[in-house]
Protein chains: 2
Amino acid sequence: MKKSAFIIILLNINFFAFSQQKTAPARPNIIVFLVDDMGIMDTSLPFCDSTMPLNKRYHTPNMERMAKDGMKFVNAYAQPVCTPTRTSLMTGMNSTRTHVTNWTSPQKNNNTDEKDEQFFPLNWNINGFSPGSDIENSVKATPFPILLRDAGYYTIHVGKAHWGSMGTPGANPYNLGFMVNIAGHAAGHPQSYLAEQRYGNMPGKTQAQAVPDLEEYYDSDTFLSEALTLEAKKALAIPIARKEPFYLNLAHYAVHVPIMADKRFVQKYYDAGLDSTEAKYASLVEGMDKSLGDIMDFLKAKGVDKNTMIIFMSDNGGLDAHQRGGPVNTHNYPFKSGKGSVYEGGVREPMIVKWPLAVPANSVNRNPVIIDDFFPTILEIAGIKAPKITQKLDGLSLFAALKSPEVKLQDRPLVFHYPNKWTTVKDEAVLGINYYSAIRFGNWKLIYQMRTQKFELYDLSKDIGEQHNLSSTNPTQTKKLAILLGKTLKERGAQMPVEKATGKAVPFPDEIFGN
Amino acid sequence: MKKSAFIIILLNINFFAFSQQKTAPARPNIIVFLVDDMGIMDTSLPFCDSTMPLNKRYHTPNMERMAKDGMKFVNAYAQPVCTPTRTSLMTGMNSTRTHVTNWTSPQKNNNTDEKDEQFFPLNWNINGFSPGSDIENSVKATPFPILLRDAGYYTIHVGKAHWGSMGTPGANPYNLGFMVNIAGHAAGHPQSYLAEQRYGNMPGKTQAQAVPDLEEYYDSDTFLSEALTLEAKKALAIPIARKEPFYLNLAHYAVHVPIMADKRFVQKYYDAGLDSTEAKYASLVEGMDKSLGDIMDFLKAKGVDKNTMIIFMSDNGGLDAHQRGGPVNTHNYPFKSGKGSVYEGGVREPMIVKWPLAVPANSVNRNPVIIDDFFPTILEIAGIKAPKITQKLDGLSLFAALKSPEVKLQDRPLVFHYPNKWTTVKDEAVLGINYYSAIRFGNWKLIYQMRTQKFELYDLSKDIGEQHNLSSTNPTQTKKLAILLGKTLKERGAQMPVEKATGKAVPFPDEIFGN
């Protein structure tokens, strides 16, 4: 009897382990909540050491709540424009390696680089990310949602995709490993946020930016951010009911242009005296923040909030130069410039992570981190070891740092590379936009302007606004970083623009110093 | 030792059962392969007792192969137009009960009934099927994909949806229980079959019928039927890899208008001397048939063909009156009339079932069956007993008949009800179209024209073409069926059109006989 009793105990243990797995998966659920074109200052949650004027302009109570329950990253980075960041998110590769350094057109084989007098258009991967295909001018790699899906995760994409052009596999999130796709396609912004305008799908007026898949909300008063949130909750309910771990890529179209009023929130910003554009912009931000709150509430109501990791992130800096109200270089203050720029205003992002079972509440993480890190972090957290992938990763897993803000990650070069031309506004009128490369290493930041082959050096520990160029007073540090940037760019096979006058590529920054 | 050995054996049995379930689910995979507007004669597979001239026109080798491997139903029915059939498929209710008796407009609250001098427009459920909502003029019910999904099936919709209008939940297949939706929305036909025309999504030219979700094929030469097939295979690969049972609703847009050439197949039909429209139509049929073959090949290659039940079906009779080449009343010969009609040409469908583990190969089933039967059949096969549903089913499970063609199903009224106006072509020029109701019971068929309140009676065992109206020579059978039709219509709460002259509804057929 003793032996059989022993076996029955073993049986019970196995059964218990099995039931545990069914009701509380060891593998956490994962959500990347990605906002489009949101600047680090577009929030009432301060990412600087003190509350700044812009923090008082915006109302994002749910970001505040999330930070209170989780970890705020105050040195988080992405690339200056969206497709490069989104491709790095999917592949774990830096844009220097993907050659997706500019935003992709919805039209195939259409180089979005503006014409320039000095440089030929760059031969970058203008068709974006095309997993497993032979599409010309596209980067191949294994996106992590495929790995999550194959490991049993239920993978959902809702919102903006913008990974590849029409006529390429990258246009369709299904090809990136998503089992569900709602509203994601080749376009990088919505034709309209308004259900009254069918998100752009008006017969005879539709452009490539008309948002797909939301017909059920047409002609109602459902703002796009709300429709995406409702769809995300509907999609989440399925793996929750099936006791499957899930990955949700909730990529809001907000707060990208066209800047349109979210009627639910705009009045308070008019009342606060903001100009019309800025009031609308602030309403877009608050509508996005409501979505974040709704998702957190939904997870809690379903009892899965504790083992769900949510990463809040934006894909580039806040729009500064075009289509905003008020003067240039004020929209990300105290940070310099904005979207398109390698200055902090263009690449520093509001990042928050909430995961009650693992990430300490109300914590602040000062490690410099970058979008390339998401891929290895997510795989480690999902327990996927030695994945079969074709690409070389540039990112680093943040898991240890997530568990404790005291953990100091190794110093490594964070590179922002933009060998492209984003805007035809004259270079003098924009800051750090068009043909720039930059590196952050520790607290130092080096900027390399390809047009002039000149450097700027900033000490971010003392000069967050990049106002005091130390390149001439600290040539040693300038040279050191130029060499590190050049070495990193070359190791990753980065592209440099080619001079029309000479037919030669701009020298890598280390070469300026004779390396 | 004996006792523990016994327990170990038990353990092994359990383990074996578990592994079996993982590699070959007891619950079969299920595919409904639904063609749009395909007539029963639009195929080289004869559904009559002999090969007819139209069988020689068309080339559908994969339908032939499927019938050889499975069971051909030669008395299968649907409703005269598409949304009613599609709603019956999802709900198991006859259209008399759903009040979805006509095709739904993509636009909400838009009655598609043509104007009529005699009758007011019918107050039918013009917004279609809206599961679980409070949308006016829509039918509520629990669609079976929700039940399959909740039972662990991986549910996929690819192709035409057309269950509800824009601005209602029925516009979105996700709300019907599908976890994947590719290309399904509120519209009932494609704006274009051509990738060169982006399936209709040309900037500035897009209508409500532009097919969503297929951007990756734009500007290629991928015909719509092919794109849907490729997407279906991609979607199927996921549950197969995850060892989950699946349900696929592969609902081709083909062979609905616009009648466009599928270049892969059209030349042989030109060469055969068909007129341009008919050649194109035949190419649409063959492109659809290739899709069927590709799906069967894919299942076999993946090793899941044996336990997958595929049901091939069309949603109404072949188009006869409009937009076809050649004279009217020839397109479904020997059957009378076509789409929109309650004559056999409008409601009799090509139906084949293949399921190697359960359905005998190369068998012919003569039981009269109807689209309403799919719901209970699928649930029984999936092992879902006593499902929580709100609707009363009109269909009958066909499981017993699927296992043996010898099983005779109980006689029951099959009702086709069209109290609507489909076409403005004068009634004399079309047959059995606009304001008709009909019943098949055994081999008898009674037709009730609401406009004239007159009856026609046919004996289908001798007169498949409905050429010999027996209503005056067999008043007993006429009365018997009129009473049965009237009783059934009333039991199901069917609607009848209202006369403008009197404000009164047309009498139910039994009332003509004083019942």
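Residues numbered from 1 in each chain as written. Chains lettered and ligands numbered in written order. Predicted model: local features only at pLDDT ≥ 70, side-chain atom pairs only at ≥ 80, totals over all residues. Heavy atoms only, no water.

Concerning the environment of glutamate 215 of chain A
Okay, so step 1: Residue placement: glutamate 215 of chain A occurs in the loop between strand S4 (180-182) and helix H7 (224-242).
Okay, so step 2: Between the C-alpha atom of glutamate 215 of chain A and that of alanine 151 of chain A, which follows or precedes it by 64 residues, the distance is 32 Å.
Okay, so step 3: For glutamate 215 of chain A, the contacting residues outside a window of four places in its chain are Met166, Gly167, Ala171, His185 and Ala186 of chain B.
Okay, so step 4: Polar contacts involving the side chain of glutamate 215 of chain A include one to the main-chain amide nitrogen of alanine 186 of chain B, which spans 2.8 Å. (Helix = DSSP H or I, 4+ residues; strand = E, 2+ residues; numbered from the N terminus. Contact = heavy atoms within 4.5 Å. Polar contact = N/O pair within 3.5 Å; in protein donor to acceptor, adjacent residues only side chain to side chain.)

Quick word on the domain arrangement of chain A
Residues and elements named next belong to chain A.
Okay, so step 1: What the domain assignment lists for chain A is domain 1 (26-403) and domain 2 (435-513).
Okay, so step 2: Taking only C-alpha atoms into account, the centre of domain 1 sits 28 Å from that of domain 2.
Okay, so step 3: Facing the 23 residues of domain 1 at the interface are 28 residues of domain 2.
Okay, so step 4: Buried area between domain 1 and domain 2, both sides added, is near 2,400 Å², and the carbon and sulfur share of it is 52%.
Okay, so step 5: By the criterion of area lost to domain 2, the three top residues of domain 1 are Phe119, Phe120 and Val342, representing 27% of everything that side buries.
Okay, so step 6: Here domain 1 and domain 2 share 3 salt bridges between them.
Okay, so step 7: For arginine 492, the salt bridge is made with aspartate 394, and the minimal N-O distance between the two is 3.3 Å.
Okay, so step 8: The tally of links between domain 1 and domain 2 comes to 18 residue pairs in polar contact (both at pLDDT 80 or more).
Okay, so step 9: Contributions of two or more residues to the side of domain 1 that touches domain 2 are made by strand S2 (71-77) and helix H5 (95-98).
Okay, so step 10: Tallied by class, residues from the side of domain 1 that touches domain 2 come to 10 nonpolar, 6 polar and 7 charged. (Domains from an automatic or database assignment. Buried area = accessible area lost by both parts, 1.4 Å probe. Salt bridge = Lys/Arg side-chain N within 4 Å of Asp/Glu carboxyl O. Nonpolar A, V, L, I, M, F, W, Y, C, P; charged D, E, K, R; others polar.)

Some points on the sheet that holds strand S13 (residues 454-459) of chain A
All names here are of chain A.
Okay, so step 1: One open sheet accounts for 4 strands, arranged S10-S11-S12-S13; its pairing is antiparallel. In this open sheet, the two strands that pair with only one neighbour each are strand S10 (414-418) and S13. Across the sheet, the axes of successive neighbouring strands diverge by a mean angle of 10°, strand direction being ignored.
Okay, so step 2: Here 5 bridges tie S10 to strand S11 (residues 436-441), and the two strands are oriented antiparallel to one another. When the sheet's bridge partners are listed, phenylalanine 416 is paired in S11 with alanine 438. (Pairing = 2+ DSSP bridges. Axes fitted to C-alpha atoms, helices over the stretch in contact; angles between N-to-C directions.)

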